[in-house]
Every structure is written in C-alpha cells, then in structure tokens.
Amino acid sequence: MKKLLAEARSHGATVVYSIAGKFTAADIAKDVAPKSGEPVVKSHADKFIHTDLEKILKDKGIQTVIVNGTAANGAVLYTGSGAALRGMKVIIPVDGLSSKDLYAEQLTVWQLAHGPGFGKQITITRSDMIKF
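Note that the structure is predicted; figures quoted are calculated from it, not measured.

S.K.: Any chance you could explain the environment of serine 81 here in plain terms?
M.R.: Structurally, the position occupied by serine 81 is in helix α3 (residues 72-85). Serine 81 sits in the buried class, given a relative accessible area of 9%. Through-space distance from the C-alpha of serine 81 to that of isoleucine 28 is 23 Å; in sequence the pair is 53 residues apart. Here serine 81 is in contact with Val76, Leu112 and Phe118, once residues within four sequence places are set aside. A polar side-chain atom of serine 81 sits 2.8 Å from the main-chain carbonyl oxygen of leucine 77. Among the polar contacts made by the side chain of serine 81, one reaches the main-chain carbonyl oxygen of tyrosine 78 at a distance of 3.3 Å.

This is how it looks when you write it as structure tokens:
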C-alpha cells in the first residue's frame, strides 16, 4: 500500500484515513500514516456512519474511491459497499486488505463483487493495476 499511496499523492488524489475503537491516527503504520491535512474519520465498520466522510468526498466531487484496510470483513466490506450504495465507483485492491483469517478476506472480496444492488459498482483488482 505504500507504493499505491505514494502514487495517489503524487497525482493529487484525496487521501482519507479511518480508524475505529481506541485507535488514533498515531497507531497507523508510519510507512502509510496520514500526512498533515489529510482527514481522519473515526467510526465502526461503516466509515460513513457518524462521520463527515460522505461530505468530504462530495465536497471534492469524488465519484470513485479506493478502499483498503486491515479489517477486511469490517471497514473494507461495509465502507466499500456503503460507497457503492451511495452511487460511487469502488476499487478494491485485494492486496490492500487483511483480516485475522483468510476466510474473512475471501468472504469480503466475494461479497463486494456479488453484493445485491452494489456489486456492479465495485471493481476487484490488485494495487499494481490501479492507474491515476
């Protein structure tokens, strides 16, 4: 994700971070940590709920999002499907999600690709195939 993040920033893409629970932005791995001015939202699995995420994206006219993270069957699944249900195109790099077990990662990718009402809004890919 370090390479994808650098590529996104070099092209002026908006980068938004999310955290949950007791975590703060300081808990994000230093190689991919937020830079000054990059927004951080805090919520449970769906990062649109009780945050300004939708406003941040709409205010910038963003229609396509790349969703990745360390809670595949949490934030990636629910934020990805939430973005698709809000009419956005969603890109999910399979090498950019993780979970405590492989099954959760597989389930997340399958559900995002086949989800009723939102699966067609989602592209499953690898980070090295994403172009800005």
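S.K.: I tried to follow the environment of glutamine 111 on my own but got confused; where do I start?
M.R.: Looking at where glutamine 111 falls in the secondary structure, it is placed in helix α4 (residues 102-114). With 21 residues separating them in the primary sequence, glutamine 111 and phenylalanine 132 have C-alpha atoms 26 Å apart. Apart from residues no more than four positions distant in its own chain, glutamine 111 is found in contact with Leu77, Pro116 and Phe118.

S.K.: When you look at unusual backbone geometry in this model, what are you seeing that I'm missing?
M.R.: Across residues other than glycine, the phi torsion is negative in most instances, and most of the peptide bonds are trans. Positive phi values are uncommon outside glycine, yet histidine 50 reaches one of about 60°. Relative to the helices and strands, histidine 50 is located in the loop between β2 (40-42) and α2 (53-59). The class for histidine 50 is exposed, based on a relative accessible area of 77%.

Thresholds, definitions, all that
- Residues numbered from 1 in each chain as written.
- Predicted model: local features only at pLDDT ≥ 70, side-chain atom pairs only at ≥ 80, totals over all residues.
- Heavy atoms only, no water.
- Helix = DSSP H or I, 4+ residues; strand = E, 2+ residues; numbered from the N terminus.
- Buried < 20%, exposed > 50% of the residue type's maximum accessible area, 1.4 Å probe, protein only.
- Contact = heavy atoms within 4.5 Å.
- Polar contact = N/O pair within 3.5 Å; in protein donor to acceptor, adjacent residues only side chain to side chain.

Distances and angles like these do not, on their own, reveal function.
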